[in-house]
Amino acid sequence: MTECVRALHAHLIRTHLHTDPFSTISHVLLSYALSNNTILKANLVFNQIQRPTLSLWNLIIRAWAHSPQPSQAIRIYHLMYSQHSLLGNNLTYPFLFKACARVSHRSCGQLAHARVMKLGFSSFIVVSNALVHMYGRFGHSEYARKVFDEMPQRDLVSWNSLICGYGQCKMFREVLGGFEAMKAAGLKGDAVTMVKVVLACCSLGEWGAADAVVKHIEENEVMIDVYLGNTLIDMYGRRGLVDRARQVFDRMRQRNMVSWNAMIMGYGKVGNLVAAQDLFNAMPQRDVISWTSMITAYSQANQFTEAVRLFKEMMEAKVKPDEITVTSVLSACAHIGSLDVGEAVHEYIRKYDINADVYLGNALIDMYCKCGVVEKALEVFKDMKKKDSVSWSSVIAGLAVNGFADSALDFFSQMLREGVKPSHGAFVGILLACAHAGLVEKGLEYFQSMEKVYGLKPEMKHYGCVVDLLSRSGNVQRAYEFIEEMPMAPDVIVWRILLSASQVHGNIPLAEIATNKLLELDPSNSGNYVLSSNTYAGSNRWEDVIKMRGLMEESNVHKPSGSSSIEINGLNGSLDSYSVKIQEKSKVTLT
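Everything numeric here is computed off the predicted structure, so don't read it as measured data.

Draft legend 1. Local environment of helix α6 (residues 92-103). Helix length check: α6, at twelve residues, gives a terminal C-alpha distance of 17 Å against a target of 16 Å (1.5 Å per residue), a fit within 8%. Of all the positions in α6, only Thr-92, Tyr-93, Pro-94, Leu-96, Phe-97, Ala-99, Cys-100 and Ala-101 are classed as buried. Tucked into the core, α6 has its buried residues touching α4 (54-65), α5 (71-83), α7 (106-119) and α8 (125-138).

Structure, rendered in structure tokens:
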């Protein structure tokens, strides 16, 4: 606000002209009303004017409609209409409709619509455009379309209001249809149009249509503002087309935080961590989404140590993490067994009252179970206000792999009593528990109940669990027969379980069968050769040991230094490695 306006205001007060609606007080009011920072001063000036003119009423209604308190515009309109008997004009109602749209005041909007019809103001395009926009924001697409169809003439704002309304109602097919109709009417659209149309293409997965929209943008030289640029970056990022996203990013004259974050997330999705880190380092400033995007990118690339390191840097930078950040870093802690960081994160969650939703609770359970602190996992589970099937599955599997098979079985029974339908992950956990406890027949009963009782078709990990169940109990031949009857081709983990069990129980024929399958499926894995070689060595078949080592050299596979035995995911060939997949439903993706 300039000093001259303040001086003029002071002069009008001294000369008692500040109450006269026909004095230059209107200029003071206009100056104050143009900024949200001085809206209260504008309101004070307006209240001091005796018998304001309609133009002054319109001015203050417009100011409040654009302010952080749009409901005040509705209040002032009712005051004007009821106490001062002013009906308003074609300039009053667009601002009133805008205010109604912003606060979702449907009754007021519909009442004002009726008055507009009665007064004949609906013939003004600016009034009808505001009505289409308002009904779209209300989610009343049918009313918006009715107003649109009855308009005697339409402009770009009319079409954008209709298309935006369809987008608000998630009617994405109608968005694309509206865009095609707009082009047929001879309008090319602007950045506002293109944002809504590209978003509709993304929601529908219509990538061909999205590319056609980009072509339309280029051919018609539509200005790419920061909002359209960000939308295009996000669209290309979702598709893994980061080079195209980067082209948009580099061409943008103006960027904001969203631009940088969207580009980082795009690089993270395709695993280009070098480019993501370079962008992150070059950012003029970072927010919690920037840090979380990088942490998540490292976690998804299995670089869990880097994810934890970056989280520590984030804390040192005094950036407060949100529930998505801590969920991602807890997942990283679980994978590398970083209990100290996981506990620190848990304490931070409690101290700063971070929204502990079900996904965060599941991540805490998973972290504590994989770090071997089952009692704390159970405390988290008990304190969770809401639990889902993943919560139960994580606890059951965590108890099983940490040696508490009986407790895992008890939890599975409790889950069923509480009416929670077991998931695929829950059955992984209960089969692991049976394997650890040596409950072969019980485990087979659970496996058979998956499809018969619960309608869940067993997956590879469940068949693997049964092979592990039979192998641990010494039923190696039965395990092989089970493999032979599987309705799908066994994966390498299943064959490694059989090979490991055959070595333990000295079943050389089965070990050879498993070895041949592994060399066929995974010839570059040195562990397959080492485990097979150890099997032969245990039976004093030294010629076969030499032969296996020769195969390693021929295949250019090198034995890991300092190791003479194989570990599968750190678990010596057991099916516990499948348990890491239980939390697939709790995986968090940034959008």
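Picking up after the structure, the text goes on.
Draft legend 2. Examining the packing of aromatic side chains more closely. Using the criterion set out here, one finds 21 aromatic pairs in the structure. Judged by centre distance (5.7 Å) and plane angle (70 degrees), the rings of Tyr-77 and Tyr-93 are edge-to-face. On the criterion of sequence distance, the pair formed by Tyr-77 in helix α5 and Tyr-93 in helix α6 is long-range, its members being 16 residues apart. A relative accessible area of 1% places Tyr-77 in the buried class. A relative accessible area of 0% means that Tyr-93 is categorised as buried. Here the aromatic rings of Phe-412 and Phe-427 are separated by 5.6 Å at their centres, their planes lie at 65 degrees, and the arrangement is edge-to-face. Taken together, the residues span a long stretch of sequence, with Phe-412 in helix α25 (residues 405-417) and Phe-427 in helix α26 (residues 424-437) at a distance of 15 residues. Of the two residues, Phe-412 and Phe-427, neither departs from the other in class, the shared state being buried.

Draft legend 3. Quick peek at the pattern of salt bridges. In total, this model carries 17 salt bridges according to the counting rule given. A salt bridge links Arg-239 to Asp-211; its shortest N-O distance comes to 2.9 Å. Taken as a pair, Arg-239 in the loop between α14 (226-238) and α15 (242-251) and Asp-211 in helix α13 (residues 207-219) lie far apart in primary sequence, 28 residues in all. With relative accessibility at 29%, the residue Asp-211 sits in the partly exposed group. Connected through salt bridges with shared partners, the residues Asp-211, Arg-239 and Arg-244 form a single ionic network.

Draft legend 4. Here's a closer look at the nonpolar core. Counting 175 residues, the largest nonpolar core has Leu-29 and Phe-97 as the members making the most contacts within it. No other element matches the nine residues that α26 contributes to this core. If we skip the residues at most four places from it in the chain, Phe-97 touches Gly-109, Ala-112, His-113, Val-116, Val-127, Ala-130, Leu-131 and Met-134.

Draft legend 5. Summary view of the UniProt feature "repeat: PPR" (unreviewed entry) in the protein. Taking the UniProt record as the reference, the feature "repeat: PPR" (unreviewed entry) is found at residues 155-189, 225-259, 287-321, 357-387 and 388-422. Span residues 155-189 is 74% helix and 0% strand, its end C-alpha atoms 10 Å apart. Structurally, residues 357-387 comprises 74% helix and 0% strand, and the distance from its first C-alpha atom to its last is 9 Å.

Draft legend 6. Geometry of the environment of Asp-211. Along the primary structure Asp-211 and Cys-201 are separated by ten residues, whereas in three dimensions their C-alpha atoms are 9.3 Å apart. Sequence-distant contacts of Asp-211, defined by excluding residues within four places in its chain, comprise Tyr-236, Arg-239 and Arg-244.

Draft legend 7. Quick look at the packing of α13 against α14. Between α13 and α14, the least distance of the axes is 12 Å, while the angle of their chain directions is 145 degrees. Crossing geometry of α13 relative to α14 is assigned as left-handed. Along the contact surface, α13 presents Trp-207, Ala-210, Asp-211, Val-214 and Ile-217, while α14 presents Leu-228, Leu-232, Met-235, Tyr-236 and Arg-238. Among the residues making up the contact of α13 with α14, the classes are represented as eight nonpolar, no polar and two charged.

Here is what the cut-offs are and how they apply
Residues numbered from 1 in each chain as written. Predicted model: local features only at pLDDT ≥ 70, side-chain atom pairs only at ≥ 80, totals over all residues. Heavy atoms only, no water. Helix = DSSP H or I, 4+ residues; strand = E, 2+ residues; numbered from the N terminus. Expected span 1.5 Å × (residues − 1). Buried < 20%, exposed > 50% of the residue type's maximum accessible area, 1.4 Å probe, protein only. Contact = heavy atoms within 4.5 Å. Phe/Tyr/Trp six-rings, centres within 6.5 Å; stacked < 30°, edge-to-face > 60°. Salt bridge = Lys/Arg side-chain N within 4 Å of Asp/Glu carboxyl O. Core = buried A, V, L, I, M, F, W, Y, C linked by side-chain atoms within 4.5 Å. UniProt positions renumbered as here; feature names shortened; annotations may be inferred. Axes fitted to C-alpha atoms, helices over the stretch in contact; angles between N-to-C directions. Left-handed = near helix turned anticlockwise from the far one by under 90°. Nonpolar A, V, L, I, M, F, W, Y, C, P; charged D, E, K, R; others polar.

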